[in-house]
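Read off the chains here:
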Amino acid sequence: MLDLLIQHATLPDGRQDQSIAVQNGRIVDVAPGLHAPAHDTLDAQGLLLSPPFVDAHFHLDSALSYGQPRVNQSGTLLEGIALWGELKPHLTHDAIVERALRYCDWAVGRGLLAIRSHVDVCDDRLLAVQALLQVKRQVAPYLDLQLVAFPQDGVLRSPTALANLKRALDLGVEVVGGIPHFERTMAQGSDSVQLLCELAAERGLLVDMHCDESDDPMSRHVETLALHTQRLGLQGRVTGSHLTSMHSMDNYYVSKLLALMAEADLGVVANPLINITLQGRHDSYPKRRGMTRVPEQLAAGLTVAFGQDCVMDPWYSLGSGDLLEVASMGLHVAQMTSQAAMRQCFEAVTTAPARLLHLKDYGLAPGCHADFVLLDARDPVEALRLKPARLRVYRRGQCIAQTAASPTQLSLPGRPEATQFRL
């Protein structure tokens, strides 16, 4: 007897009336019209069943710290960095754990079951590292948390950052991070990329660097990142996050750069909500959008994901852990409104980040973990438009979150009693 049988589901690739059979926490069959005894059955009624959402770029150590020690009045990147510097000396282990666990609750409710979080290692206490390693263990039964050792103040600029980063890796942090554009000089930024990529190669680890998060078209550290990725044989294991300077680069240079990135099989993470908010602050009009060149990167064959980056922290006062909101912003900023492009935006918060995180057995195929989300939408485009309720969230075949559909009740003469915003 099956543990779970879901019938009459629509899948993100367009297949309709599909059944998903689950046994021992894994998908054992996907086919139309399956009928078999099961301990639990669910009629999806033609709604969208998706693999869980995946956030390829987040900062869990600062999440939900809004207003501590004060609110970012200007909403700018520089005031956010200053605020984080003010807050760090007052952080406690228990407070970081409590906020992180609360955010993970939000994530599960949104069908977000995997997060790559950068954790600041420039605090000699490694307080946030210790706290998030505890959170990682605690949420493991229901959420995959991958941690990046992130030298927020610059691995060369901050005197103890490199030693702290290595200590964090020794403790179990599994990805090497960096921020070359924040080093003192362009040369030191390039040196930091080489240093950190060599460290990752030596330890057999993945790399994810905040790279060129700037409006400066001469911030070109992603070129160096692609070079050392290829030199060290790290193809497919390195991600450049943000890459906002590409928005301001001239087209000739970008044509060369995209080829180098493709040769290195470099992963890309754009953070639409934060990029559109923080970049272009020195512009009057016209204002640059600030997000990296997502359509061109996809056309070059790169894996491109969207990340949430921040939720209610020193840098961003908004957010709720809804990756569909993130994808919707990416769709609009990049003008990705063709039917194919909109589906790519859905993939940018599901299958694409799963590849960047190297998640094992992710997807909706036999042998994959029985992790999926039933959305109150009929296809990925409608999901992006409505950002609907996650009716059921499953982890290893067990329902771990539910949200009721909530049609709007109407009291209008001669009109229906309710509406669901659908044609």
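Everything below is about the structure shown above.
Report on the accompanying structure. Since this is a predicted model, take the numbers as computed values, not measurements.

Bringing unusual backbone geometry into the picture now. Cis geometry marks the peptide bond from Gln68 to Pro69; its omega dihedral reads -10°. For Pro69, the location among the structural elements is in the loop between strand E6 (53-58) and helix H1 (77-87). Residues Tyr285 and Pro286 are joined by a peptide bond in cis, for which omega reads 0°. Note on placement: Pro286 falls in the loop between helix H8 (272-278) and helix H9 (294-299). Positive phi outside glycine occurs at His8, with the angle close to 60°. Mapped onto the elements, His8 comes out in strand E1 (residues 2-9). Given the relative accessible area of 33%, His8 is considered partly exposed.

Attention shifts here to the side chain of Arg395. With respect to the element layout, Arg395 can be found in strand E15 (residues 390-395). Classification of Arg395 by relative accessible area gives buried; the value is 4%. At 3.3 Å, the side chain of Arg395 and the side chain of Asp144 are in polar contact. Beyond its immediate stretch of four places on either side in the chain, Arg395 contacts Leu113, Ala140, Pro141, Tyr142, Leu143, Asp144, Ala370, Asp371 and Ile400.

Let us now look at the packing of helix H4 (residues 161-171) against helix H5 (residues 186-203). Running from amino to carboxyl end, H4 crosses H5 at an angle of 25°, the nearest separation of the two axes being 13 Å. The angle between H4 and H5 falls in the class roughly parallel. When you trace H4 past H5, the crossing you get is right-handed. Contact residues: H4 offers Leu162, Leu165, Lys166, Leu169 and Asp170, while H5 offers Leu195, Leu196, Leu199 and Arg203.

The subject of this paragraph is the sheet that holds strand E11 (residues 238-242). Ordered in space as E6-E7-E8-E9-E10-E11-E12-E13, the eight strands form an open sheet in which the pairing is parallel. Edge positions in the open sheet fall to E6 and strand E13 (304-306), since each of these has one partner strand only. Averaged over all neighbouring strand pairs, the angle between strand axes comes to 25°, with direction disregarded. In this sheet, strand E12 (residues 267-270) lies alongside E11 in parallel orientation, the contact comprising three bridges. In the sheet register, Gly240 faces E12, and the bridge partner there is Val268.

Moving on, we come to the pattern of salt bridges. Inspection of every chain in the model, using the stated rule, returns 24 salt bridges. Asp13 is the partner of Arg15 in a salt bridge, and the nearest nitrogen-oxygen pair spans 2.9 Å. Looking at Arg15, the relative accessible area reads 35%, which means it is partly exposed. Close ionic contact of Arg70 with Glu86 constitutes a salt bridge, the shortest N to O distance being 2.9 Å.

Following the criterion strictly, the structure yields five aromatic pairs and no others. Ring centres 4.5 Å apart and planes at 15° place the aromatic pair Phe58 and Tyr103 in the stacked group. Separated by 45 residues along the polypeptide, Phe58 in strand E6 and Tyr103 in helix H2 (residues 93-109) bring together distant segments of the chain. With a relative accessible area of 0%, Tyr103 lands in the buried category. Between Tyr103 and Trp106, the ring centres sit 6.1 Å apart and the planes meet at 45°, which makes this aromatic pair tilted. Note that Tyr103 and Trp106 are positioned in helix H2 at a spacing of three residues, about one turn of the helix. Pairwise contacts between aromatic rings join Phe58, Tyr103 and Trp106 into one cluster. Its end group placed over the ring of Phe182, Arg157 keeps NZ or CZ at 4.6 Å from the ring centre.

What follows covers the pairing of strand E3 (residues 26-32). Pairing between strand E2 (residues 18-23) and E3: six bridges, direction antiparallel. Directly across from Gln18, in E3, lies its bridge partner Pro32. Linking E2 back to E3 in an antiparallel pair, the connection comprises two residues, with Asn24 at a positive phi of about 55°.

Conventions used here
- Residues numbered from 1 in each chain as written.
- Predicted model: local features only at pLDDT ≥ 70, side-chain atom pairs only at ≥ 80, totals over all residues.
- Heavy atoms only, no water.
- Helix = DSSP H or I, 4+ residues; strand = E, 2+ residues; numbered from the N terminus.
- Buried < 20%, exposed > 50% of the residue type's maximum accessible area, 1.4 Å probe, protein only.
- Polar contact = N/O pair within 3.5 Å; in protein donor to acceptor, adjacent residues only side chain to side chain.
- Contact = heavy atoms within 4.5 Å.
- Axes fitted to C-alpha atoms, helices over the stretch in contact; angles between N-to-C directions.
- Parallel < 35°, antiparallel > 145°, perpendicular 65-115°, else oblique.
- Left-handed = near helix turned anticlockwise from the far one by under 90°.
- Pairing = 2+ DSSP bridges.
- Salt bridge = Lys/Arg side-chain N within 4 Å of Asp/Glu carboxyl O.
- Phe/Tyr/Trp six-rings, centres within 6.5 Å; stacked < 30°, edge-to-face > 60°.
- Lys NZ or Arg CZ within 6 Å of the ring centre and 35° of its normal.

These figures come from the coordinates and say nothing about function on their own.
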